[in-house]
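Coordinates in review
Next come the chains, spelled out residue by residue.
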Amino acid sequence: MRGLKHLILPLSLGLISATTLANSNFLKTDGRLVRNGNGDVVYLRGVNLGGWFVHEPWMTPLQGANDEWTMRQTLTNRFGAAQAQALINTYRDSWIKEQDFQKISEVGMNVVRLPLYWQDYMNLDGSWKYNAQGQIDFASIEKAVEWARKHRLYVILDLHGAPGSQNGQDHSGKIGSADLWKNESYRQMTVNFWRELARRFAGNATVAGYDVLNEPSENFPSQASGPSVWNLYDRVYDAIRAVDPDHIIILEGIWDWAAIPHPNSYGWSNVIYEFHYYLWGNDNNSAAQASFVESKINQEQQYLGYNVPHYVGEFNFFGLKDGWDYGLRRYNEAGWHWTNWSYKATNMGNWALYNGTNAAANKPNVATDSYATIESKWRNWDTDAHMAPNQGLIDSLRTAVRSGNGLIRNLPYSGSILASSTIEAEYAYQQRGTSQEGGVVGYFDNGDWLRFIDVNFGSGANRLRLRLAVDAAYAGKQIELRLGSPTGTLLATHTVASTGGWGNYAEQVVNLSQNVSGIQNVYLVGKGGDGIANLDWLRFESSAVTPTPTPTASPTPTPVTPMPTATPAPTPVTPAPVTPLPSLCYAAWGTGAVYMAGQRVTHAGRNYEAKWWTQGDNPAQAGNWGVWRNLGVCGSTPATPAPTPLPTPVATPRPTSQPTPVGQVCNAAWREGDNYTTGQQVSYNGHNYVALVSHTAYVGTGWNPAASPTLWHELGAC
């Protein structure tokens, strides 16, 4: 779906006015893309909340039982059903809290995949578990979805453990036979589960989609294929659509595309196909990991006719940072959605963003430990108190979600937001390059931007008030205010004055070049170098009105869910200094080479890292153009190569002669967010163009054909 979301009309007398529809976070597929209700392309990139609702003893604190089923039976036999459930609740309340959703959001991610286990909601005979109000008790899921909404995250609801077990593995909840495929009653229970869950969450925009069945297999790890799994998918699809016609339905091919049919063969629409990519036995082999990633990218090319989005629901690049950086970069360049496995674990290295600091001491034996001991040990899995961050992995993931295409996150409100209210910087609808932490936005560097949509200026405003912090050593850089796009109408350029430190927040006032009214799409764009400012909030005013002193409580955007009664003091966010590897230089920058986000080069004795796609932009001008991040001086000795150098894209040469357009016919119109291949022709503003290189026209970058001569060659008027 695509429409005129933002229409900007320049009027006389220096007045800018606009109208728009209220924003909508609700996601639907559009061919191989996912768009929200605004028509913007959304890439879902985040992490799994593994081990929360389904124990996997290799990564969760559980001894004395080898799966969720056995743990429940053991605790129930020893202490009774009520006490068993109380222990399970103790563990879950410790393993994941609301603060964990905040941590995930602060990495910059926009989605969590939530593995579910059927026994939490159904009895063994398939009847429902009800709450005191006589409703099916989905409270644990509802709480997770609400926490996600508050912290700008979407949620994928994933049936990780189905009745009877869909694969006989511990991650299905029950080791042994995959009885789902042998017993019709279990299959009907699965259909019933999805019908009622979809009925409960129909219309909820925070739910990105329904992941029908995790890793189905009659003989794991062989993937289930053919009518046995496809027909069950179809039954679940029909049950969901009967009560929820709108949400995306996610269907797993597990390891590759060959295991799942063309959606047209079953009449499926608004679906995503999901795969799990693990290359076992090559934990420390960069070449093998890179080759594996490329094989999956190449395989997808054979199935583009399926015309569905590609979601990597689980993956791991194991122990090598360059494997993570390469794999995530290539996933992004392919336009895939992804959630790595997993958020936290007992002490499993790169399987988790957070690992336990005293894991062995806090693993209860549910078969032999006393009730008090089990309860005590399961209380000790709070992330802040008992886990350590896996900073290398977090940094790789943070870089991946900040790079390139400007990730759109779930907004915690609907409708427009008043320009005259205090707009929290973290409420940016879309951001590129920045990161949030402690309620403020930091890592705001040259070329980075924040996008705020549906800002209601009413009858007009001509002044911007910013609350920000900047160290004296970094002062003097600029923040531009623009309408419509990062290169749209320029309303102001503000040179940021020092506030005395990254934690010292002060208000600075910016006069606009003209009055702005109506509902607008607003961008704050960084210029002049890295470390521009930490941003707390912004507010628009009219100079004809005496500004109201900043209230102690955050005004609530209409019709926003109420904010806290008092604004917490922002935690300082120091711009991330990138420390170069001492005495190591990368491959020399090439003037005609194409570089993707995250690739590193050496030029004039310094190392640089590409923030996004680039060709021909001199790294020495990074401070002026923002394409390259300056990593500092490197040594004269060439870098010791990684086990295998990561492949460097080769620039596609420009046509040696101008192609001849066909008559005066215009090609298909260029669209923001679409993927383009070398030689593909489009039309834009009455002219035809041909793509010089394959690329994605990432939303908000302004890479239209007229403005991007390194991407497009004009063929003439049409």
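**What to know about the pattern of salt bridges**
A full pass over the atoms with the stated rule returns 35 salt bridges. Measuring nitrogen to oxygen at the nearest pair gives 3.1 Å for the salt bridge that ties Arg199 to Glu196. Taken together, the positions of Arg199 and Glu196, both in helix α5 (residues 184-201) and 3 residues apart, correspond to about one turn of that helix. On the basis of relative accessibility, which here comes to 45%, the residue Arg199 falls in the partly exposed class. A relative accessible area of 17% means that Glu196 is categorised as buried. Several salt bridges converge on common partners, so that one network encompasses Arg113, Asp158, Asp211, Glu252, Glu274 and Glu314.

**Comments concerning the confidence of the model for the protein chain**
Of the residues in the protein chain, 82% have a pLDDT of 70 or more, and the chain-wide mean is 84. Across residues 1-22, where pLDDT falls below 50, the model places 59 contacts with residues more than four positions away in sequence or in other chains. In this model, residues 546-583 is a region of pLDDT below 50 whose contacts with residues beyond four sequence positions or in other chains number 74 contacts.

**Observations regarding the environment of Ile423**
Locating Ile423 in the fold gives a position in strand β18 (residues 423-424). Classification of Ile423 by relative accessible area gives buried; the value is 1%. Each C-alpha atom, one on Ile423 and one on Phe540, is 9.1 Å from the other, the two residues being 117 residues apart in sequence. Excluding anything up to four places from it in sequence, Ile423 contacts Ile417, Leu418, Phe452, Val455, Trp537 and Leu538.

**A word on helix α6 (residues 227-243)**
Residue pairs three or four apart in sequence face the same way in an α-helix, which turns once every 3.6 residues. Counted at 1.5 Å a residue, the expected span for α6 with its 17 residues is 24 Å, and the 24 Å between its end C-alpha atoms agrees. Against the buried residues of α6 lie α5, β8 (207-211), β9 (248-254) and β10 (271-278).

**Brief notes about helix α4 (residues 139-150)**
In a regular helix each residue adds 1.5 Å, so 12 residues correspond to 16 Å; α4 covers 16 Å between its end C-alpha atoms and thus fits that length. Here α4 has its buried residues at Ile141, Ala144, Val145, Trp147, Ala148 and Arg149. Of the surrounding secondary structure, the elements contacted by the buried residues of α4 are α3 (98-107), β6 (111-117), β7 (154-161), α5 and β8. Following α4 by one or two positions, Arg152 has its phi on the positive side, about 70 degrees.

**Some remarks on the side chain of His55**
Secondary-structure assignment places His55 in the loop between β5 (45-48) and α1 (68-79). With a relative accessible area of 2%, His55 lands in the buried category. Side-chain polar atoms of His55 contact the side chain of Thr60, separated by 2.9 Å. When residues no more than four places from it in sequence are discounted, the contact partners of His55 are Thr60, Pro61, Leu62, Glu68, Met71, Tyr91, Asp170 and Trp378.

**Regarding the state of the cysteines**
The full count for this structure, using the stated rule, is 1 disulfide. With its sulfur 2.0 Å from that of its partner, Cys666 forms a disulfide with Cys718. Here Cys666 and Cys718 share a disulfide; its torsion about the S-S bond, 90 degrees, makes the bridge right-handed. Separated by 52 residues along the polypeptide, Cys666 in the loop between β33 (628-633) and β34 (675-676) and Cys718 in the segment after β38 (712-717) bring together distant segments of the chain. Note on Cys666: relative accessible area 39%, which makes it partly exposed. Using a relative accessible area of 23% as the deciding quantity, one classes Cys718 as partly exposed.

Conventions adopted
Residues numbered from 1 in each chain as written. Predicted model: local features only at pLDDT ≥ 70, side-chain atom pairs only at ≥ 80, totals over all residues. Heavy atoms only, no water. Salt bridge = Lys/Arg side-chain N within 4 Å of Asp/Glu carboxyl O. Helix = DSSP H or I, 4+ residues; strand = E, 2+ residues; numbered from the N terminus. Buried < 20%, exposed > 50% of the residue type's maximum accessible area, 1.4 Å probe, protein only. pLDDT = per-residue confidence, 0-100. Contact = heavy atoms within 4.5 Å. Expected span 1.5 Å × (residues − 1). Polar contact = N/O pair within 3.5 Å; in protein donor to acceptor, adjacent residues only side chain to side chain. Disulfide = S-S within 2.5 Å.

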